[in-house]
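# Secondary and tertiary structure notes
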Amino acid sequence: MRPTLLIDLDGTMTDPAPGIIGSFRKALVDLGHEPPPFESLGWIIGPALRLSFPRVMGEGADAEAAVSRYRVHYGAGGMYDLTVYDGMIEALAALRDHADGMYVCTAKPEPYAVPILERFGLAGFFDGIYGAALDGSLDDKADIIAKIIAERGVDPARSVMIGDRKHDILAARRHGMASIGVTWGYGGAEELTEAGASVLCERPSALPDEVARLVA
């Protein structure tokens, strides 16, 4: 069986911590908040920022204002402050050869995801790039998967979601889709296992073999 693959971006293909966390902290400063240390904010990578800012600013905080300030800094260059994980280019090339289709499925808004993937030479591996909307209407990863299924005719029973956070795994389960949790990102083995990942993968170079075993 040639599977359809849905692959997360942040924490799965790239390590975006400098740009995301840096812009997050600058937004907090803009709004008069003392930002937590950089090293303590890895958890913000993956979920929608509209959900993350209130956890730092407090209930009742103006999350939209925070997101707006974040985008000022992120769009000014923070979006490109990242690295592609070692072995990821080779892994994507191998997966492309054995997949029925490949789609980016990210909680990052599409207007940021597309130029990032193009800048770092990743866009050409994919048949489509799907991300969140700037207005927050697709902040739930399961809604992004639903959009891919509807627009591309994807069969969940023949598809695999690959991601580093529980949100990827839980979204896949809602659609009856298998999943691979990658442990080099920001969720970790415990989070991914508790969320119900079908299998775990420890390094990008192992992804093709893990996909092959999962769909065999």
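Scroll up to find the structure.
Note that the structure is a prediction, hence the values are computed from the model and not measured. (Residues numbered from 1 in each chain as written. Predicted model: local features only at pLDDT ≥ 70, side-chain atom pairs only at ≥ 80, totals over all residues. Heavy atoms only, no water.)

So, about the side chain of Ser52. Locating Ser52 in the fold gives a position in helix H2 (residues 49–57). Discounting residues that sit within four places of it in the chain, Ser52 has contacts with Phe24, Trp43, Ile44 and Pro47. (Helix = DSSP H or I, 4+ residues; strand = E, 2+ residues; numbered from the N terminus. Contact = heavy atoms within 4.5 Å.)

Quick look at empty space enclosed by the protein now. Summed over the entire model, instances satisfying the criterion amount to 1 cavity of 30 Å³ or more. Roughly 320 Å³ of internal volume is contained in the largest cavity. Around the largest cavity, the lining comprises 27 residues; the ones closest to its centre are Pro47, Leu49, Ala107, Lys108 and Pro109. Put simply, the parts of the chain that give the lining of the largest cavity at least two residues each are H2, helix H3 (63–75), strand E4 (101–109) and helix H7 (166–174). A per-class count over the lining of the largest cavity returns 14 nonpolar, 3 polar and 10 charged. (1 Å grid on protein atoms, 1.4 Å probe; cavity = no way out; pocket = protein on both sides within 12 Å on 5 of 7 lines; lining within 4 Å. Points joined across faces, edges and corners; volume = space filled by probe spheres on them. Nonpolar A, V, L, I, M, F, W, Y, C, P; charged D, E, K, R; others polar.)

It is worth spelling out the side chain of Arg50 at this point. Along the chain, Arg50 falls in helix H2. At 2.6 Å, the side chain of Arg50 forms a polar contact with the backbone oxygen of Leu134. Separated by 3.4 Å, the side chains of Arg50 and Asp139 make a polar contact. Discounting residues that sit within four places of it in the chain, Arg50 has contacts with Ala63, Glu64, Val67, Arg71, Leu134, Asp135, Gly136 and Asp139. (Polar contact = N/O pair within 3.5 Å; in protein donor to acceptor, adjacent residues only side chain to side chain.)

With that settled, the discussion passes to the nonpolar core. With 27 residues, the main nonpolar core has Ile7, Met13, Leu92, Met102 and Leu207 as its most contacted residues. Elements represented by at least two residues in this core include exactly strand E1 (4–7), helix H4 (88–97), E4, helix H5 (110–119), strand E6 (159–163), strand E7 (178–182) and helix H9 (207–215). With 20 residues, the next largest nonpolar core counts Leu41, Phe53, Ala66 and Val67 among its residues. (Core = buried A, V, L, I, M, F, W, Y, C linked by side-chain atoms within 4.5 Å. Buried < 20%, exposed > 50% of the residue type's maximum accessible area, 1.4 Å probe, protein only.)

Within the structure shown, the criterion is met by 5 aromatic pairs. With a centroid separation of 4.1 Å and an interplanar angle of 10°, the aromatic rings of Phe24 and Phe53 are classed as stacked. Of this pair, Phe24 sits in helix H1 (residues 17–30) while Phe53 sits in helix H2; the two residues are 29 residues apart in sequence, bridging distant segments of the chain. Taken together, a centroid distance of 5.1 Å and an interplanar angle of 20° make the contact between Tyr70 and Tyr74 stacked. Linking Tyr70 with Tyr74, this pair stays in helix H3, spanning 4 residues, or about one helical turn. Overall, Tyr74 belongs to the buried group, its relative accessible area being 2%. (Phe/Tyr/Trp six-rings, centres within 6.5 Å; stacked < 30°, edge-to-face > 60°.)

Quick look at the sheet that holds E6 now. As summarised here, the arrangement of the 6 strands in space is E5-E4-E1-E6-E7-E8, forming an open sheet in which the pairing is parallel. The sheet is open, and its two borders are formed by strand E5 (128–132) and strand E8 (199–201), each paired with just one other strand. This sheet shows a mean twist of 25° between the axes of neighbouring strands, independent of strand direction. Looking at chain direction, E6 and E7 are connected through 4 bridges and run parallel. Bridging across to E7, Ile162 finds its partner in Ile180. (Pairing = 2+ DSSP bridges. Axes fitted to C-alpha atoms, helices over the stretch in contact; angles between N-to-C directions.)

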